[in-house]
Amino acid sequence: MAPGLEALKHISPDSGFPITIHPHFSESIKNHVPPESVREQVFPDKDRAAFADPEKKALFSVAKRVDITESIGTILENVQLSQLNPQQLDELALLVNERGVVFFRGQDLTTEKQVELFEHYGILDRHPAQKDVRHVVIRGSTEDHREIAKYTPWLSGEWHADTSFEINPPSYSMLRMEEHPPVGGDTAWISGYGLYDSLSDAMKKFVEGLHAVHTSRLQYDTILDLWGVGPNRPPIDTHHPAVRTHPVTGLKALNVNNGFVTGFAELKKLESDKLMDFFAYHIHSADDHYVRWKWDVGSVAMWDNRCVMHRVIPGSYDAPRRGIRTTVFGEKPFYDPASESRAEREKRLKEAATNGHSKEADVKDVKENILNTPA
């Protein structure tokens, strides 16, 4: 177990196990003064995917598309990200909006080129523990996260969307692997579109009226205690819609994750706790909306935090795991009652096709939906 944990310095004489220490009794947490202030809301430019051709002709003229599952995850083969032009990058963003996460193997990107490429999508974001202003180094997890959860307030091995507690959570993230063990260290993603669709109609209606309480407080304490790194910013709590509308696709996605959500603003404590218990089960049992990626050196994943969650799969490997992640600011999450779910849209388009609607009309309908949703 991580040797720096404060709890390991306090062993019970009766059980021989560490005593869980409240963060306020840890000097490293209590005395830390973040060098930066809490962020204000920002207003990003219109999402680059909104400028894409819905059929993605330019992108698919140079890349072969292979969908991994019905719900989430696509591999693009025979293409180098470093060679994509702005139009193809816009179409890649739209594919990521739709499929949640897109994978590449054998890429020749450098850190500098990855940063340059990602600046096409907006203003680079910065994780609270990130010291380089352009990217963060992502390593694996070989600790027993079930055991560590006894002594740290944040469930570090849980499903999450990157820094969903921010006023402006990230939109796109890209992770490029530089070092990786031959076995272990996989990452899994799960579709927020699919998680919403698989709720009952009654539960959908109920959850759409709620705000999820996202907090960085638990991660803040754990970063200091477990990682030994001082967060850049003070902890923050935000209330975001429990169901959000994607600004490009116009689709509803569940916006509740186990990593950063502690409850619901409109509910009482025990009501929140029981609903969180349900969502823990709902997320962990959603294998039909899940994809798991086996990394190798040169692999890249690009995902959309607005419609997916992810987690690294812990392991016991000895070889190093090192990746470079870049992210960009997204818009403040919103919910549009007039938006539709992915299943509803698929049903509507299928019925339109059955009733004699042309494919071109369907494409025009989707494109108009993209262009008329908020940036």
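Refer to the preceding data block for the structure.
Just so it is clear, the model here is predicted, and its values are computed rather than measured.

Thresholds applied
- Residues numbered from 1 in each chain as written.
- Predicted model: local features only at pLDDT ≥ 70, side-chain atom pairs only at ≥ 80, totals over all residues.
- Heavy atoms only, no water.
- Helix = DSSP H or I, 4+ residues; strand = E, 2+ residues; numbered from the N terminus.
- Buried < 20%, exposed > 50% of the residue type's maximum accessible area, 1.4 Å probe, protein only.
- Pairing = 2+ DSSP bridges.
- Axes fitted to C-alpha atoms, helices over the stretch in contact; angles between N-to-C directions.
- Expected span 1.5 Å × (residues − 1).
- Arc of directions from axis to C-beta.

A. View of unusual backbone geometry. Even without being glycine, K56 reaches a positive phi, approximately 55°. With respect to the helices and strands, K56 occurs in the loop between α1 (27–30) and α2 (57–60). The class of K56 is buried, set by a relative accessible area of 3%. One non-glycine residue, N78, lies in positive phi territory at about 65°.

B. Broad picture of the sheet that holds strand β6 (residues 187–191). Pairing in this open sheet of three strands is antiparallel, and the strands run β12-β6-β14 from one edge to the other. Both outer strands of the open sheet, β12 (290–293) and β14 (308–312), are each paired with one neighbouring strand and no more. Across the sheet, the mean angle from the axis of one strand to that of its neighbour is 20°, orientation sign disregarded. Strand direction decides the pairing type here: β6 and β12, joined by four bridges, are antiparallel.

C. Summary view of the sheet that holds strand β15 (residues 322–329). Taking strand neighbours across the sheet as the criterion, the seven strands line up as β1-β2-β3-β13-β5-β15-β4 in an open arrangement whose pairing is mixed. Only two strands of the sheet have a single neighbouring strand rather than two, namely β1 (64–67) and β4 (136–139). Strand-to-strand twist across the sheet, computed as the mean angle between neighbouring axes with direction ignored, equals 25°. Where strand β2 (residues 74–77) lies against strand β3 (residues 101–104), two bridges are found, and the strand directions are parallel.

D. Examining helix α10 (residues 342–354) more closely. When the terminal C-alpha atoms of α10 are compared, their 18 Å separation across 13 residues agrees well with the 18 Å that a helix rising 1.5 Å per residue should span. Along α10, the residues that are buried comprise R342, R345, L349 and A352. Buried residues in α10, looked at end-on, bunch into an arc of 95°, giving them a common side. Pointing more than 90 degrees away from the buried face of α10 are the exposed residues K347, K350 and T354. Phi turns positive, to about 100°, at G356, one or two residues after α10.

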